[in-house]
Amino acid sequence: MPSRRTAFWRALVALAVVGVSLYVALTTPPRLGLDLRGGTRIVLETQDSPTVRADADATDRTLEVLRRRVDGLGVVEPSLARAGERRIVVELPGVQDPREAAGVIGRTAQLTFHPVVATADGPAGPPRRTGPGSSPTPVSPAATCGWARRR
């Protein structure tokens, strides 16, 4: 049998744990989900294209792309999950404009090329400009591609 002293300390520790738990439960605000806080739920479905078949692997790749796009929205605790082989469910708590969210999530990725307008380690002076309204300045391919050696 435990002594009275041991039983007292155990009861005191248990009371402290209960007290700290109550404090945390009463002072921490609850995290409301999509059903209580409101938000947007979008269900997407992958489709076959002439070159790619919409299977589980294609859906997984699409899910990763969508995760990066949703992270760009700045939504706190978004939920992206695969539903079946071809469907993806996106839940965005707190997003009140479903058109904006669908526009950001559903946009097509684009690769763009931009001209080099100046070099970082070029000669002293203003950077060389190209484009409408300026006279073309010849730039060596080595300086453009960053292949030039530093002297």
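Residues numbered from 1 in each chain as written. Predicted model: local features only at pLDDT ≥ 70, side-chain atom pairs only at ≥ 80, totals over all residues. Heavy atoms only, no water.

## Describing the packing of helix H3 (residues 56-73) against helix H4 (residues 98-106)
Item 1. Look at H3 against H4: their axes get within 9 Å of each other, and the N-to-C directions meet at 135°. Taken together, the axes of H3 and H4 are oblique relative to one another. In the packing of H3 onto H4, the handedness of the crossing is right-handed. Between H3 and H4, the contacting residues are Leu-66, Arg-69, Val-70 and Leu-73 on the first element and Val-104, Ile-105 and Gly-106 on the second. (Axes fitted to C-alpha atoms, helices over the stretch in contact; angles between N-to-C directions. Helix = DSSP H or I, 4+ residues; strand = E, 2+ residues; numbered from the N terminus. Parallel < 35°, antiparallel > 145°, perpendicular 65-115°, else oblique. Left-handed = near helix turned anticlockwise from the far one by under 90°. Contact = heavy atoms within 4.5 Å.)

## Some points on the sheet that holds strand S1 (residues 39-45)
Remark on secondary structure: sheet strands pair via backbone hydrogen bonds, oriented parallel or antiparallel.
Item 1. Overall, antiparallel pairing links the three strands, which are arranged S1-S3-S2 in an open sheet. Each having just a single partner strand, S1 and strand S2 (79-83) make up the two edges of the open sheet. Strand after strand, the sheet turns through a mean of 15° between neighbouring axes, direction not considered.
Item 2. Both S1 and strand S3 (residues 87-93) contribute to a ladder of seven bridges, which runs antiparallel. Following the sheet pairing, Glu-45 is matched in S3 by Arg-87.
Item 3. Against the sheet, H4 touches S1 and S3, its axis set at about 40° to S1. (Pairing = 2+ DSSP bridges.)

## Structural notes on the packing of aromatic side chains
Item 1. Applying the stated criterion across every chain, the model contains one aromatic pair.
Item 2. When the ring of Phe-8 is compared with that of Trp-9, the centres are 5.6 Å apart and the planes differ by 70°; the resulting orientation is edge-to-face. (Phe/Tyr/Trp six-rings, centres within 6.5 Å; stacked < 30°, edge-to-face > 60°.)

## Side note on the layout of surface pockets
Item 1. Of the pockets and cavities examined, the largest pocket occupies roughly 200 Å³.
Item 2. For the lining of the largest pocket, the secondary-structure elements that each account for two or more residues are S1, H3 and H4.
Item 3. The dominant element in the lining of the largest pocket, judged by the number of residues it contributes, is H3, at four residues.
Item 4. Among the residues making up the lining of the largest pocket, the classes are represented as five nonpolar, three polar and four charged. (1 Å grid on protein atoms, 1.4 Å probe; cavity = no way out; pocket = protein on both sides within 12 Å on 5 of 7 lines; lining within 4 Å. Points joined across faces, edges and corners; volume = space filled by probe spheres on them. Nonpolar A, V, L, I, M, F, W, Y, C, P; charged D, E, K, R; others polar.)

## A few points about the environment of Ala-101
Item 1. The residue Ala-101 is located in helix H4 in this model.
Item 2. The spacing of Ala-101 and Ile-42 is 59 residues in sequence and 8.8 Å in space, taken between C-alpha atoms.
Item 3. Excluding anything up to four places from it in sequence, Ala-101 contacts Ile-42, Leu-92 and Val-95.

## Remarks on the confidence of the model for the protein chain
Item 1. With 72% of its residues at a pLDDT of at least 70, the protein chain reaches an overall mean of 75.
Item 2. Contacts of residues 135-151 to residues separated by more than four positions or lying in other chains number 12 contacts, the stretch itself having pLDDT below 50. (pLDDT = per-residue confidence, 0-100.)

## Quick look at the pattern of salt bridges
Item 1. This model, assessed by the stated rule, comprises five salt bridges.
Item 2. With a closest N to O distance of 3.3 Å, Arg-87 and Glu-45 form a salt bridge. Taken together, the residues span a long stretch of sequence, with Arg-87 in strand S3 and Glu-45 in strand S1 at a distance of 42 residues.
Item 3. The partner of Arg-82 in a salt bridge is Asp-60, with the nearest N and O atoms 2.8 Å apart. Linking Arg-82 in strand S2 with Asp-60 in helix H3, this pair joins segments that are 22 residues apart in sequence.
Item 4. A relative accessible area of 33% means that Asp-60 is categorised as partly exposed. (Salt bridge = Lys/Arg side-chain N within 4 Å of Asp/Glu carboxyl O. Buried < 20%, exposed > 50% of the residue type's maximum accessible area, 1.4 Å probe, protein only.)

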